[in-house]
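If you want the building blocks of each chain, they are given just below.
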Amino acid sequence: MKNIKVSINSDGEIKMEGSGFVGTACDKAMAALEKSLGTQTKRINKPEYYQQATGSNTQSVGGGK
Amino acid sequence: MSHVVSIKTELFDLNAAKAACAELGLIFKEGQKTIRWFGEWVNDYAADDAAYKLGISTDQYGKCDHAIEVPGSGYDIGLIHNPKTGGHKLYFDFYGSNGKKIQNAVGENGQKLLQYYGKHKVLIEAKKKGWLCSTTKAGNGNIEIQITNVA
């Protein structure tokens, strides 16, 4: 299940966190949303992002064991 | 897996701005070219958040491309189109009881209006894509939107 959690704080700052994506698929899903919202000022990729990008574990969509 | 991004919100979508105003009980006045304010620049405010330090020149004070009326206040919020970005900058006169009523409605610098604008912008964009949204208000004042059915 691919989900995006959006959190908007009282300063109007928006954070997005994707789950259930494989590697850079998360980027693709959120890129349009980010673009329409305004200027991106900060991005943090968690270590899992880089692990997933290599396809090195079992968290692939539809193929997990 | 997950990753986190942070975006500084600007007002690019007037429909989202209108929806935010409606939720906050404010009146969006599309195409209104002036706002009510003190009425004269007397060079008495120069802090970092002064509008003229944020891209709105003092001779633009009182002018706008759209306005927002805050019920109960004698002053308004102005939206000025920024040709460099295509977005709209917000500004208002916060002085006195009229300004205080605006701050109470939208936050000290309009942050609350930006927050609700961001909410409605996300909802509009998600709907276009056929994504499903569930919105909640967290205890810390954050607005949380859980988007499911992401293709």
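Quick caveat, the model's predicted, so the values are computed rather than measured.

Cut-offs applied
- Residues numbered from 1 in each chain as written.
- Chains lettered and ligands numbered in written order.
- Predicted model: local features only at pLDDT ≥ 70, side-chain atom pairs only at ≥ 80, totals over all residues.
- Heavy atoms only, no water.
- Core = buried A, V, L, I, M, F, W, Y, C linked by side-chain atoms within 4.5 Å.
- Buried < 20%, exposed > 50% of the residue type's maximum accessible area, 1.4 Å probe, protein only.
- Helix = DSSP H or I, 4+ residues; strand = E, 2+ residues; numbered from the N terminus.
- Contact = heavy atoms within 4.5 Å.
- Pairing = 2+ DSSP bridges.
- Axes fitted to C-alpha atoms, helices over the stretch in contact; angles between N-to-C directions.
- Arc of directions from axis to C-beta.
- Polar contact = N/O pair within 3.5 Å; in protein donor to acceptor, adjacent residues only side chain to side chain.
- 1 Å grid on protein atoms, 1.4 Å probe; cavity = no way out; pocket = protein on both sides within 12 Å on 5 of 7 lines; lining within 4 Å.
- Points joined across faces, edges and corners; volume = space filled by probe spheres on them.
- Nonpolar A, V, L, I, M, F, W, Y, C, P; charged D, E, K, R; others polar.

Student: When you look at the nonpolar core in this model, what are you seeing that I'm missing?
Tutor: Counting 40 residues, the largest nonpolar core has A:I4, A:V6, B:L26 and B:I147 as the members making the most contacts within it. Among the secondary structure elements, those contributing two or more residues to this core are β1 (3-8), β2 (14-19) and α1 (25-37) of chain A together with α1 (14-24), β4 (76-81), α2 (96-106), α3 (111-128) and β7 (143-148) of chain B. The contacts of A:I4, once residues within four sequence positions are left out, are A:M16, A:E17, A:G18, A:F21, A:M30, B:W131, B:I145, B:Q146, B:I147 and B:V150. In this structure, B:W37, B:A51, B:I56 and B:I80 belong to the second largest nonpolar core, which totals nine residues.

Student: Looking at this structure, how should I read the sheet that holds β4(B)?
Tutor: The strands that make up a sheet are held in pairs by hydrogen bonds between backbone atoms, and each pair lies either parallel or antiparallel. All names here are of chain B. Spatially, β2-β3-β4-β5 is the arrangement adopted by the four strands of the open sheet, whose pairing is antiparallel. Either end of the sheet is taken by a strand with one partner, and the two such strands are β2 (27-29) and β5 (88-92). On average, each strand axis in the sheet is inclined to that of its neighbour by 25°, with strand direction left out of account. In the sheet, β4 pairs with β5 via five bridges, with the strands oriented antiparallel. Across the sheet, the residue bridging to I77 is F92, located in β5.

Student: Help me understand α1(B), please; the structure alone is not making it clear to me.
Tutor: What sets the pattern is the α-helix's 3.6 residues per turn: residues three or four places apart point alike. Residues and elements named next belong to chain B. Taken as a whole, α1 has its buried residues at L14, A16, A17, A20, C21 and L24. For α1, the buried positions fall inside an angular range of 155° around the axis, keeping them on one side. Looking at the buried side of α1, the elements it contacts are β2, β3 (66-69), β4, β5 and α3. Sitting at the head of α1, D13 places a side-chain oxygen 2.8 Å from the backbone nitrogen of N15.

Student: Could you clarify how one ought to interpret α2(B) in this entry?
Tutor: All names here are of chain B. Listed in full, the buried residues belonging to α2 are G99, I102, Q103, A105 and V106. Along the long axis of α2, the arc covered by the buried residues comes to 165°, so they all point the same way. Exposed side chains of α2 directed beyond 90 degrees from the buried face belong to S97 and N104. Here the buried face of α2 lies against β4, β5 and α3. Looking one or two residues past α2, G107 carries a phi angle of roughly 95°, positive in sign.

Student: Quick question: what am I supposed to make of the layout of surface pockets here?
Tutor: Where empty space is left can be seen by rolling a probe of water-molecule size over the atoms. Residues and elements named next belong to chain B. Put simply, the largest pocket is a space of about 1,100 Å³. Around the largest pocket, the lining comprises 35 residues; the ones closest to its centre are D49, A51, L54, L90 and Y91. If you list the elements that add at least two residues to the lining of the largest pocket, you get β1 (3-9), β5 and α3. Here the lining of the largest pocket takes five residues from β5, the largest share from any one element. Among the residues making up the lining of the largest pocket, the classes are represented as 18 nonpolar, eight polar and nine charged.

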